[in-house]
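Summary of structural features
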Protein chains: 2
Amino acid sequence: MRKPEADPEIEARRYGPIPDKIDPAIEALVDDIIGKVADKWTMLILEALHENGTLRYTELRRKVEGISQKMLTQTVRRMEEDGLVRRTVHPIIPPHVDYTLTPLGDSLSKAFCGVWIWAETHYDEIQQARQAFAAARSGEVHS
Amino acid sequence: MRKPEADPEIEARRYGPIPDKIDPAIEALVDDIIGKVADKWTMLILEALHENGTLRYTELRRKVEGISQKMLTQTVRRMEEDGLVRRTVHPIIPPHVDYTLTPLGDSLSKAFCGVWIWAETHYDEIQQARQAFAAARSGEVHS
DNA sequence: CCGGATCCGCAGGGATACTG
DNA sequence: CAGTATCCCTGCGGATCCGG
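How each quantity is defined
Residues numbered from 1 in each chain as written. Chains lettered and ligands numbered in written order. Predicted model: local features only at pLDDT ≥ 70, side-chain atom pairs only at ≥ 80, totals over all residues. Heavy atoms only, no water. Phe/Tyr/Trp six-rings, centres within 6.5 Å; stacked < 30°, edge-to-face > 60°. Lys NZ or Arg CZ within 6 Å of the ring centre and 35° of its normal. UniProt positions renumbered as here; feature names shortened; annotations may be inferred. Helix = DSSP H or I, 4+ residues; strand = E, 2+ residues; numbered from the N terminus. Expected span 1.5 Å × (residues − 1). Buried < 20%, exposed > 50% of the residue type's maximum accessible area, 1.4 Å probe, protein only. Arc of directions from axis to C-beta. Contact = heavy atoms within 4.5 Å. Pairing = 2+ DSSP bridges. Near = heavy atom within 4 Å. Polar contact = N/O pair within 3.5 Å; in protein donor to acceptor, adjacent residues only side chain to side chain. Axes fitted to C-alpha atoms, helices over the stretch in contact; angles between N-to-C directions.

Under the annotation held in an unreviewed UniProt entry, chain A carries the name HxlR family transcriptional regulator and is attributed to Phyllobacterium leguminum.

Here is the structure:
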């Protein structure tokens, strides 16, 4: 399911020049958004929901390996606040809450697609770089 | 300079099906890389170097607004270790150290390009979503 | 002087226990 | 089941010091 679907809106701008950010207020805003969005857990949750469509709390927790309940709740709430995720509570017992991407969240997950592809394509180069770095370190002359 | 240059390698795979990650070891590796790369400072440094080509420590510090010296050094060192950045020390007085992206780092910055475009395109929608969320909160019946 | 290492105070994240 | 509350500890930011 992790297919690199192209977001038409992004594709449309992909080969046109992006107006270089001039307005510092806009720049700060964009940087702020990057700050919230360029987060490990945000990205992994985004991916999990993009792959699975709709997930319940516990399902999401299982898909996003290693996340704590606190960070799952916290991150998903901020994503809801930012309009990336829709949270639906079914008032039954036992409780049933499911999460799904909004169109906005879906567009972001598509924007991140290139990064996933990059990671899948280049992870071996990173490992090589780390080994080379470690080798250089140990080979250094310690004055 | 923030142009959405297309990475040929990514573009080539963009419309083909990505082999769904099956090997859990690879998956863990990719998630690990995402964990390091999906970081606010990493992304902002990547962007600064992509825009400017080569920067000295202090220049980089000025381009990446709000970063502390500690996080700048720390992040840039990890990026060097992962092969994203090349760090060149000129042994002169006063010291002169400059940073530039490796081809690997450059390819990552291109992969992140879609996210920048997304942020620039949708930041107003996020703000609206936040206001709507706040309005819904204040309009709630508090039990 | 530049680049960065070090120390410290505090916020943020992890693990666990508890509740509607 | 889906969180909240609590404790604890890592990790970040800010200030200061240092080597070249």
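Read on for the rest.
Let's shift gears to the packing of aromatic side chains. By the definition in use, this model includes zero aromatic pairs over all chains. Taking NZ or CZ as reference, Lys40(A) lies 4.5 Å from the ring centre of Trp41(A), over its face.

Moving on, we come to the UniProt feature "domain: HTH hxlR-type" (unreviewed entry) in chain A. In this structure's numbering, the residues bearing the UniProt feature "domain: HTH hxlR-type" (unreviewed entry) are residues 23-127 of chain A. Structurally, residues 23-127 of chain A is divided into 68% helix and 14% strand, and its ends, taken at the C-alpha atoms, are 39 Å apart.

A separate point is helix H5 (residues 69-81) of chain A. Here H5(A) contains 13 residues, and its C-alpha end-to-end distance of 18 Å stays within 8% of the 18 Å for a straight helix at 1.5 Å per residue. For H5(A), the complete set of buried residues consists of Leu72(A), Thr75(A), Val76(A), Met79(A) and Glu80(A). All buried residues of H5(A) lie within an arc of 140° about the axis, which places them on one face of the element. Here the buried face of H5(A) lies against helix H3 (40-52), helix H4 (57-63), strand S2 (85-90) and strand S3 (96-101) of chain A together with helix H7 (113-139) of chain B. Downstream of H5(A) by a residue or two, Gly83(A) has a phi angle that is positive, lying close to 80°.

Residue and element names in this part refer to chain A. For S3, the buried fraction is high: five of the six residues fall into the buried class. Where strand S1 (residues 54-56) lies against S3, three bridges are found, and the strand directions are antiparallel. Its bridge partner lying in S3, Thr54 is registered against Thr100. For S2 and S3, the ladder comprises six bridges, and the chain directions are antiparallel. The residue bridging Arg86 from the neighbouring strand is Thr100, located in S3.

This part covers the protein's contact with DNA strand C. Residues in contact with DNA strand C amount to 18 residues; listed here are only the nearest, Lys70(A), Met71(A), Tyr57(B), Thr58(B) and Arg87(B). Within 4 Å of the protein, atoms of DNA strand C come from sugar and phosphate in 68% of cases. At a separation of 3.3 Å, a sugar or linking oxygen of DNA strand C approaches a polar side-chain atom of Arg56(B). At four residues, H5(A) tops the list of elements feeding residues into the surface near DNA strand C.

Quick look at the protein's contact with DNA strand D now. Neighbouring DNA strand D are 16 residues, the closest being Thr58(A), Arg87(A), Tyr99(A), Lys70(B) and Met71(B). Across the atoms of DNA strand D situated within 4 Å of the protein, the share located in sugar and phosphate is 74%. At 3.3 Å, a backbone N or O of Pro95(A) approaches a sugar or linking oxygen of DNA strand D. Ser68(B) is positioned such that a nitrogen or oxygen atom in its side chain is 3.4 Å from a phosphate oxygen of DNA strand D. At the level of secondary structure, the elements contributing two or more residues to the surface near DNA strand D comprise H4, H5 and S3 of chain A together with helix H5 (69-81) of chain B. With three residues, the single largest contributor to the surface near DNA strand D is H5(B).

Residues and elements named next belong to chain B. If you trace the three strands from one edge of the open sheet to the other, you get S1-S3-S2, paired in antiparallel fashion. Of all strands in the sheet, those with a lone pairing partner are strand S1 (54-56) and strand S2 (85-90), marking the two edges. Averaged over all neighbouring strand pairs, the angle between strand axes comes to 25°, with direction disregarded. Of the strands in this sheet, S1, S2 and strand S3 (96-101) are in contact with helix H3 (residues 40-52), which crosses S3 at around 95°.

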